[in-house]
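Single-letter residue listing:
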Amino acid sequence: MDGATHIVHGKFGGGKATSFDAEMMGLARGVNEALRNLPAHITQLALCSDVGPSQLAAISACSALRTFLAGNPRHRVLLLWVPAHKNIEPSDFVDELAKAALDGVQPDFVSYSMALARVRARMKSKWDRVALDTNNTAYRGRHLWVAIDPPLHGATAKSTWLLRHAGTSNHNTARAARFLTNHFPCGAYRAKFNIPGSHDCLCGGGLETRDHILFHCPYWIRTKAPTTSQRAAPHDHSSHQLRNQRGWFVDDVLEFLRLNPMVSTFGWSEILAEALADRERGQPHSRANARLLAHMVERVFS
Ligand SMILES: [Zn+2]
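The rules behind these values
- Residues numbered from 1 in each chain as written.
- Predicted model: local features only at pLDDT ≥ 70, side-chain atom pairs only at ≥ 80, totals over all residues.
- Heavy atoms only, no water.
- Core = buried A, V, L, I, M, F, W, Y, C linked by side-chain atoms within 4.5 Å.
- Buried < 20%, exposed > 50% of the residue type's maximum accessible area, 1.4 Å probe, protein only.
- Helix = DSSP H or I, 4+ residues; strand = E, 2+ residues; numbered from the N terminus.
- Contact = heavy atoms within 4.5 Å.
- Patch = residues over 30% accessible without salt bridge, like charges linked within 9 Å, V, L, I, M, F, W, Y side chains within 5 Å.
- Areas by Shrake-Rupley, 256 points an atom, 1.4 Å probe, with all protein chains shown as cover.
- Salt bridge = Lys/Arg side-chain N within 4 Å of Asp/Glu carboxyl O.
- Lys, Arg positive; Asp, Glu negative; His and termini not counted.
- Charge placed at Lys NZ, Arg CZ, Asp CG, Glu CD.
- Donors = N, O, S within 2.8 Å, 3.2 Å for Na, K, Ca; no water.
- Tetrahedral: all angles 85-135°; square planar, octahedral: opposite > 155°, others 65-115°.
- Axes fitted to C-alpha atoms, helices over the stretch in contact; angles between N-to-C directions.
- Parallel < 35°, antiparallel > 145°, perpendicular 65-115°, else oblique.
- Left-handed = near helix turned anticlockwise from the far one by under 90°.
- Nonpolar A, V, L, I, M, F, W, Y, C, P; charged D, E, K, R; others polar.
- Phe/Tyr/Trp six-rings, centres within 6.5 Å; stacked < 30°, edge-to-face > 60°.
- Lys NZ or Arg CZ within 6 Å of the ring centre and 35° of its normal.

S.K.: I would appreciate a short explanation of the nonpolar core in the present structure.
M.R.: Nonpolar side chains tend toward joint burial in soluble globular proteins. In terms of nonpolar packing, the biggest core is built from 30 residues, with Trp145, Phe179, Ile213, Leu214, Trp220 and Phe256 touching the most fellow members. Contributions of two or more residues to this core are made by α7 (170-180), α9 (210-216), α11 (250-259), α12 (266-280) and α13 (287-294). With sequence-adjacent residues up to four places away left out, Phe256 is seen in contact with Ile213, Leu214, Trp220, Ile221, Arg222, Trp248 and Val263. If you look at the next biggest cluster of nonpolar residues, it comprises nine residues, including Ala28, Leu45, Leu47 and Leu65.

Structural data, given as structure tokens:
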């Protein structure tokens, strides 16, 4: 069971804690009760449970069990998993007790896992709204990457393309955002905003645009061939942009950024500017030029 599902359906016991908290607390309490005044001839404790983890309660139970185990080398703890709610009499009895507790006065604090579940549910619902807006045609940058990938939400690296590629790195997330919105330091950007620096790519392929870098420039590694252009509907930015994306998904773009760590970085712009200045001074073998070459696939250029 996950906490978010409980919130959506409003089935939290008292709205203050998750079922994990309650079940683990029951287990920890049981261990402590069993060990209180334990007769000396008892050498084995059997714990039967169907629950997942709750750290605080688990620590409490482990601490009590450690003392029990250290007291006598013959002491044993037996852990048994029991299927829940399958007409097992003690389990049904505990269920009844738990439901009855809901009628009592509830505390005004919430457990850590409950708070976490609430935050995650709130975050996901906000993220859902943002994801729906991603391809909103009312306002979108002309060159914003049109995401036809699965929506940009989810809390795990498996379910989210951005997390899968950028992980927990702020640097990689910022780089991906700059590249996908087409606001990153490159020749076309410098030309558009009158920023000093080169406009054309060093490879001789003309203006250094995102499309040039992604699909044409011989300097960078790519593992997927771009498809041929499709016809775009007139006056439709979205279909024009899709045509320009040449059959690549966001996943493909992020993989490209991963393979070419200098693309879309300010560091690359600095190296480029320095290398070009060195060449103009007649120093083509300067340190900046060595760095430039070190980051590109093509090793020879004039
Ligand atoms: Zn190029």
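S.K.: I would appreciate a short explanation of a positive patch on the surface in the present structure.
M.R.: There is a patch of like positive charges on the surface, built from Arg118, Arg122, Lys126 and Arg129. Residue position: Arg118 is located in helix α5 (residues 112-133). A relative accessible area of 32% places Arg118 in the partly exposed class.

S.K.: Would you mind showing me how to read the coordination of the zinc ion here?
M.R.: Octahedral six-donor coordination of a metal ideally yields angles of 90 or 180 degrees, compared with 109.5 degrees for tetrahedral four-donor coordination. Taken together, the protein donors to the zinc ion comprise Cys201 (SG), Cys203 (SG), His212 (NE2) and Cys217 (SG), at separations of 2.1 to 2.3 Å. Each of the four donor atoms around the zinc ion contributes to a set of angles spanning 101 to 119°, which defines the coordination as tetrahedral. Sequence positions of the residues that donate to the zinc ion give the spacing C-x1-C-x8-H-x4-C. Of the two residues, Cys201 sits in the loop between α8 (187-192) and α9 while Cys217 sits in the loop between α9 and α10 (237-244), which places them 16 residues apart along the sequence.

S.K.: What should I look at first to understand a nonpolar patch on the surface in this one?
M.R.: On the surface, a nonpolar cluster with roughly 310 Å² of combined accessible area is contributed by Phe93, Val94 and Leu97. Within the fold, Phe93 resides in helix α4 (residues 89-101). Residue Phe93 is classed as exposed on the basis of its relative accessible area, which comes to 54%.

S.K.: Sorry if this is basic, but what is going on with the pattern of salt bridges here?
M.R.: When charged atoms on two side chains of opposite charge get close, those side chains can pair. Using the criterion set out here, one finds six salt bridges in the structure. Note that Lys224 and Asp252 form a salt bridge whose closest N and O atoms lie 2.8 Å from each other. Within this pair, whereas Lys224 is found in the loop between α9 and α10, its partner Asp252 is found in helix α11, the two being separated by 28 residues in sequence. Under the relative-accessibility criterion, Lys224 is labelled partly exposed at 28%. On the basis of relative accessible area, Asp252 is assigned to the buried category, the value being 19%.

S.K.: Teacher, can you tell me more about unusual backbone geometry here?
M.R.: Trans peptide bonds make up the majority, and among non-glycine residues the majority have a negative phi. For Asn37, which is not glycine, the phi dihedral falls at a positive 55°. Relative to the helices and strands, Asn37 resides in the loop between α2 (19-35) and β1 (44-49). Unlike most non-glycine residues, Arg246 shows phi in positive territory, near 55°.

S.K.: Explain the packing of α12 against α13 to me, please; I cannot follow it from the model alone.
M.R.: The geometry of a pair of packed helices is captured by two quantities: the angle between their axes and the separation between those axes. In contact at an axis separation of 8 Å, α12 and α13 are set at 130° when each is read in the N-to-C sense. Comparing their axes, α13 and α12 come out oblique. Crossing of α12 over α13 shows left-handed handedness. Each of Trp268, Ile271, Leu272, Glu274, Ala275, Asp278 and Arg279 in α12 lies in contact with α13, whose residues at this interface are Ala288, Asn289, Arg291 and Leu292. For the contact of α12 with α13, the class distribution of residues is six nonpolar, one polar and four charged.

S.K.: How do you make sense of the packing of aromatic side chains when you look at a structure like this?
M.R.: Applying the stated criterion across every chain yields a total of five aromatic pairs. Between Phe179 and Phe184 the ring centres are 4.8 Å apart and the planes differ by 50°, which places this aromatic pair in the tilted class. Here the two residues Phe179 and Phe184 agree in accessibility, since each one is buried. Here the aromatic cluster, defined as three or more aromatic residues joined through ring pairs, consists of Phe215, Trp248 and Phe256. In this structure, Arg246 is placed above the aromatic ring of Phe215, and the distance from its NZ or CZ to the ring centre is 5.7 Å.

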